[in-house]
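# Observations on chain architecture
Each chain, written out:
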Amino acid sequence: MAAPTISAAQAIGEYLQSPDDLMKIPTFRKKLEKEKASIDIRLKGGVKEQLSATSDSLRKLFGTRGNVQTIKDEMVTIDRMCSDPQNVVSTFDQISRVSMVHRNFEQTEEMVNNLLEMNSRLDSIEDMLAADQDDLLGPAPNLLRIHLQLTQLEAFRNQTMHQAKKATAQSRNNLARRFERLTRIIEAFDEYVMELARNMLPLARAGHPEVIVKIVKIAEIEGKEDEKAIAIRLVKKAAKLDAASKFKSMQANARVIKHYRSKIMKNISESIKAKFEAAYLRDEKDPIGFIENLGWVYQDLIALERDVVACFPPDWDAYSHFIREYHRALNATILRLAASEPEASALLTLHAWLKEYKSSMKELEIPPELLEPPLLDGKEQSLIEDYLQLIVKKLDEWSTNLMKTEVAEFTARAEPPELDADGQYGMQGAVILFQMVNQQVDAATESGQGAILARVVGEANRVMRGVQDQWTRLVDVEYKKTVDKPEETPGGLVEYVIALANDQIKSADYTEALSARLEPLVSPKYSGQINERLNDAIDGYLDVAKRCTQVLIDIIFNDMRPATRQLFQGPWYDGIVVQIVETMRDYMADYQTYLNGSLLELLVEDLLDAFLVTYLTALANTQKLRMPAATERIKDDVAEAFKFFSTLKPAKELESYFEVVEMVLALLEASKSLAFLSFWSFAKVHGPNLAFVEGLMKARGDLDRSSVNEVMDSIKRKVKEENLTDPPEPTIMKKITIEGTFSRLLRTGKS
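Keep in mind that this is a model prediction, so the values were computed, not measured. (Residues numbered from 1 in each chain as written. Predicted model: local features only at pLDDT ≥ 70, side-chain atom pairs only at ≥ 80, totals over all residues. Heavy atoms only, no water.)

### A short note on the environment of K672
With respect to the element layout, K672 can be found in the loop between helix 25 (651–669) and helix 26 (675–686). The spatial distance from the C-alpha of K672 to the C-alpha of R626 is 16 Å, given a sequence separation of 46 residues. Setting aside anything within four residues of it in sequence, one finds K672 in contact with L703, S707, E710 and V711. A distance of 3.4 Å separates the side chain of K672 from the side chain of E710, its partner in a polar contact. (Helix = DSSP H or I, 4+ residues; strand = E, 2+ residues; numbered from the N terminus. Contact = heavy atoms within 4.5 Å. Polar contact = N/O pair within 3.5 Å; in protein donor to acceptor, adjacent residues only side chain to side chain.)

### A word on helix 23 (residues 597–620)
Under the 1.5 Å per step criterion, the end-to-end length of helix 23 is 34 Å for 24 residues, consistent within 8% with the ideal 34 Å. Summarising burial for helix 23: 18 of the 24 residues are buried, a large majority. The backbone nitrogen of S598 lies 2.8 Å from a side-chain oxygen of the residue at the head of helix 23, namely N596. (Expected span 1.5 Å × (residues − 1). Buried < 20%, exposed > 50% of the residue type's maximum accessible area, 1.4 Å probe, protein only.)

### Some points on the nonpolar core
In terms of nonpolar packing, the biggest core is built from 204 residues, with Y387 and W572 touching the most fellow members. The residues touching Y387, leaving out its near neighbours within four places in the chain, are A344, S345, L347, L348, Q440, A443, A444, I452 and V456. (Core = buried A, V, L, I, M, F, W, Y, C linked by side-chain atoms within 4.5 Å.)

### Looking at a nonpolar patch on the surface
A surface patch of nonpolar side chains, amounting to about 310 Å² of accessible area, comprises L58, L61 and F62. Relative to the elements of secondary structure, F62 occurs in helix 2 (residues 25–83). (Patch = residues over 30% accessible without salt bridge, like charges linked within 9 Å, V, L, I, M, F, W, Y side chains within 5 Å. Areas by Shrake-Rupley, 256 points an atom, 1.4 Å probe, with all protein chains shown as cover. Salt bridge = Lys/Arg side-chain N within 4 Å of Asp/Glu carboxyl O.)

### Digging into the pattern of salt bridges
Here the structure, examined in full by the defined rule, presents 42 salt bridges. Taking the shortest distance from any N to any O, the salt bridge between D636 and R633 comes out at 3.8 Å. With D636 and R633 both in helix 24 (residues 629–645), this residue pair falls three residues apart, about one helical turn. Exposure remark for D636: the relative accessible area of 41% places this residue in the partly exposed category.

### Thoughts on the packing of aromatic side chains
Here a ring pair, both rings aromatic, is described through the centre-centre distance and the interplanar angle of the planes. According to the stated counting rule, one finds 24 aromatic pairs in the structure shown. Ring geometry for Y280 versus F290: centroids 5.7 Å apart, planes at 80°, classification edge-to-face. Here Y280 is found in helix 11 (residues 260–282), whereas its partner F290 is found in helix 12 (residues 287–292), with ten residues between them in sequence. F290 carries the same exposure label as Y280, and that label is buried. Arranged with centres 4.4 Å apart and planes meeting at 45°, the rings of F568 and W572 form a pair that is tilted. (Phe/Tyr/Trp six-rings, centres within 6.5 Å; stacked < 30°, edge-to-face > 60°.)

This is the structure:
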């Protein structure tokens, strides 16, 4: 940084800082004059020295220009004398011819000796080459000696063939035949060197890195010879034939450009590709095994940097070449693997390995620019999409094939369903489906990514829901066939519906176990999604099981339809409910034996509910009841039904179910004056239900129309006064359907 400039006023100010300093001005002046004089003397001396140096340099420059001109003139003279020596030496023509004859004699003698010795030298070379080739990963002690002798013989061949250009065709053919063996040995040697180049890493691991140094040395020598040959060709191409004719080496050079260095690098690349190819083919049927065995790549890269790269000169940039070629070969193999449509778990394993590869390359401090292009073109995430698509495809295929078999068995019903260890009907669908689901979920779990696991569970939920919907539709279709065309429908529907219901409970249990297993494996972010999907699947299985139990009840009531139609009709007074109860007892014997215990409890409740609804609905829609025979029959019916259901459910629990029948019976037995009290007890529990109550009153044979009107008027008035409404929670009375007058007449007519 330049020092700040001080003005004259600032400099004077430093000396004159007080009034007393004015007395020192003469002294300061003398001091400054002395300093000025000293500086002037030094400046004059420096200028004089610079002028002297400049003058001396100019003199030397002029002298050099004169010398250059003199040399130029001498060179012109020498060139003129060389171009036409006859002007200087009178006998130059004779001297030139004698010299040419002498040179030809020497060349001829040398050529004859070389031709005579060539076969013996080739024998020796072949022996040395064979010895080295027998031990490919050995020290190759003869490598440089073989190369030296072959280089000499090759130069001799090139010179001889060049000189024979003006000879007869027969002579040239004879020479070519003589050199055929040499050509074959040169080719064999070149192939041997390239084979060594393809095995550089094994050579280093075998403890012979010096062989790599020899290979590089040979490539350097051949490269220099290539450069010479190329330079000569460029001279000839420039049509400077006179200049070329002055050099014997130019005349004799017929060398084939070998490009040894590029060939070595190419063979290194091919050997790396071949190594990856062999590894891939070895585990082609086991993609996961191939991926898990790729650890040798890291070992190779470490060994190359430690043992091989140091054998190359820096200008070869061997390290970059090895890294690039390994990376490119790996990328090509990975692309090939991904394109082979491997199993889903292999895609996940590959995705995890690619992440590990990036991390390992950073640990090895390999520059990112050497790792181009990125593996899979940087689209590792596409593996996840491919994996999920494969999961979708496989789950769809498996579930479709599974359902095809299951549906065929369910509809044909040629054999009864299988019995499980508990002696209950079952099907194989649940076990097989969850084997498939667990297989894919386990593979997704191994990825260690909650997002992947959540998406796999989502796909599994979709498949499960699809299977559930298919079963629900099938059960409805098969039941409809049984009702509409029983004679054309195979039997055994009850057994298969029981088996299907049991299967759904198993599936719900499997799903719950899966949810419990997965929850601790993922973060809350994904555990919520997974639980939601699996809970949805559980609900679906329970819905299908519920539908199955409902169909089992529908089957019972379909068989009882002729009897239930007679309820509160003429035959009813003879005890038709006994027939109904016996029918239910027959079916429940099978249900109790083969149906899952949890489902059986639900079925009993639904069956009891359905029986009461059917009974009360028939009562609500009856035209006329013979009193008091009707009430006595109702009591007998209740006793019969209570006795039956008490075999399925504790009697104490049954009382609350049959309470509604007792209340209805009280309405039927109450006198005109006390009917309101019975109604009030009924209405407080079940709500007014005026249409139902009015129907009962009209059906009573012991009340005329005026009495019915009187009873209903008092009931309606009280309901209005007390503002009586339906209970918050609906009761069984909400399920009672009261037919219109026209529908009732039609039903009565059919009966």
